[in-house]
Amino acid sequence: VETLQALLSHRNTTVRFHALKSLNKLRAANKELGLDQTLLEYEISQMTERWHHAFKIKMAFRSYCRKRGELEQADDRFLEAQDHRMDDLEERIFRLLGLFCGCEESFQIYNALRQTDAQLQANAMELLDEILPPRLKTPLLDILDEDVSEFSGKLTLDEKEVDAYLRKILMDGTRWNG
């Protein structure tokens, strides 16, 4: 268990994901696994920050495309890739929450939030609000709030910020941008 927990911080995202899956399987079989709650909270916070970063990049790029006055096919692909990355990060957050507060609850909440039934989504958000520690509530609920326009209003980017984010994308140096 300690080795798998250590792998949650591994540089390679595939290694992190497989360690996370393995820990979830172990937790499902043994509720008293003795996981490091502080480490799990830290990893949830890290994934949440990565999601916010991906969202800012997406908004900056969308702003750049609007300024340019057109959206090309390559732009659509980039925006779709950012959406996919954000979805992957959400899944990882819920897998971590599964370790933090119980596999069944987080899996049920994750699936309910993916449904189109507004009442089911509202119930899932309410349950999530009840089980999250206070430090994680605001950043996680911002991510999961269906009305992203309210959240994006907090991320008004001026021209310098748009340029900085686009430059970061191009100069990041990592193969998969994060």
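Residues numbered from 1 in each chain as written. Predicted model: local features only at pLDDT ≥ 70, side-chain atom pairs only at ≥ 80, totals over all residues. Heavy atoms only, no water.

Draft legend 1. The packing of helix α4 (residues 73-101) against helix α7 (residues 134-144), seen in detail. Running from N to C, α4 and α7 cross one another at 135 degrees; their axes reach a closest spacing of 12 Å. Here α7 runs oblique to α4, going by the angle between their axes. The crossing of α4 and α7 is left-handed. Contact with α4, carried on its side by Glu-90, Ile-93, Phe-94 and Leu-97, involves Leu-140, Ile-143 and Leu-144 of α7 and no other residues of that element. Of the residues assigned to the contact of α4 with α7, the class counts are 6 nonpolar, no polar and 1 charged. (Axes fitted to C-alpha atoms, helices over the stretch in contact; angles between N-to-C directions. Helix = DSSP H or I, 4+ residues; strand = E, 2+ residues; numbered from the N terminus. Parallel < 35°, antiparallel > 145°, perpendicular 65-115°, else oblique. Left-handed = near helix turned anticlockwise from the far one by under 90°. Contact = heavy atoms within 4.5 Å. Nonpolar A, V, L, I, M, F, W, Y, C, P; charged D, E, K, R; others polar.)

Draft legend 2. Just the packing of helix α3 (residues 37-68) against α4, in detail. Their axes nearest at 9 Å, the elements α3 and α4 cross at an angle of 165 degrees. It follows from the interaxial angle that α3 and α4 lie roughly antiparallel. Handedness of the α3/α4 crossing: left-handed. Classifying every residue of the contact of α3 with α4 gives 18 nonpolar, 3 polar and 10 charged.

Draft legend 3. How the structure looks around the side chain of Arg-27. Counting through the fold element by element, Arg-27 comes out in helix α2 (residues 13-29). Polar contacts involving the side chain of Arg-27 include one to the main-chain carbonyl oxygen of Leu-99, which spans 2.2 Å. (Polar contact = N/O pair within 3.5 Å; in protein donor to acceptor, adjacent residues only side chain to side chain.)

Draft legend 4. Summary view of the pattern of salt bridges. Inspection of the entire model under this criterion finds 5 salt bridges. Across the pair Asp-83 and Lys-58 runs a salt bridge, and its minimum N-O distance is 2.4 Å. Of this pair, Asp-83 sits in helix α4 while Lys-58 sits in helix α3, and the two are 25 residues apart along the sequence. Of the residues examined, Asp-83 reaches a relative accessible area of 30% and is grouped as partly exposed. For Asp-129, the salt bridge identified is with Lys-137, shortest N-O distance 3.6 Å. By relative accessible area, which is 25% here, Lys-137 ends up partly exposed. (Salt bridge = Lys/Arg side-chain N within 4 Å of Asp/Glu carboxyl O. Buried < 20%, exposed > 50% of the residue type's maximum accessible area, 1.4 Å probe, protein only.)

Draft legend 5. Quick look at empty space enclosed by the protein. Tallying each qualifying case throughout the model produces 1 cavity of 30 Å³ or more. For the largest cavity, the calculated volume is near 50 Å³. Forming the boundary of the largest cavity are Leu-8, Arg-16, Leu-20, Glu-43, Met-47, Arg-92 and Leu-96. Of all the secondary structure elements, the ones that give two or more residues to the lining of the largest cavity are α2, α3 and α4. The residue makeup of the lining of the largest cavity, split by class, is 4 nonpolar, no polar and 3 charged. (1 Å grid on protein atoms, 1.4 Å probe; cavity = no way out; pocket = protein on both sides within 12 Å on 5 of 7 lines; lining within 4 Å. Points joined across faces, edges and corners; volume = space filled by probe spheres on them.)

Draft legend 6. The arrangement of the confidence of the model for the protein chain in detail. When pLDDT is averaged along the protein chain, the result is 80; 81% of the residues meet or exceed 70. The secondary-structure element of the protein chain with the lowest mean pLDDT is helix α8 (residues 148-153), recorded at 40, while helix α1 (residues 2-7) shows the highest, at 93. Contacts of residues 146-156 to residues separated by more than four positions or lying in other chains number 13 contacts, the stretch itself having pLDDT below 50. Across residues 173-178, confidence stays below pLDDT 50; counting only partners more than four residues off in sequence or on other chains, it has 9 contacts. (pLDDT = per-residue confidence, 0-100.)

Draft legend 7. The nonpolar core, seen in detail. Counting 34 residues, the largest nonpolar core has Leu-8, Ile-44, Phe-94, Leu-97 and Leu-128 as its most contacted members. Mapped by element, the contributors of at least two residues to this core are α2, α3, α4, α5 (103-113), α6 (118-131) and α7. Sequence-distant contacts of Leu-8, that is, excluding residues within four places in its chain, are made with Arg-16, Ala-19, Leu-20, Leu-23, Leu-39, Leu-40, Glu-43 and Leu-96. (Core = buried A, V, L, I, M, F, W, Y, C linked by side-chain atoms within 4.5 Å.)

Draft legend 8. How the structure looks around α3. The terminal C-alpha atoms of α3 lie 46 Å apart, and with 32 residues this matches the ideal 46 Å at 1.5 Å per residue to within 8%. With a side-chain oxygen lying 3.1 Å from the backbone nitrogen of Thr-38, the N-terminal cap of α3 falls on Asp-36. Taken from the residues just after α3, Gly-69 is the one with a positive phi, measuring 90 degrees. (Expected span 1.5 Å × (residues − 1).)

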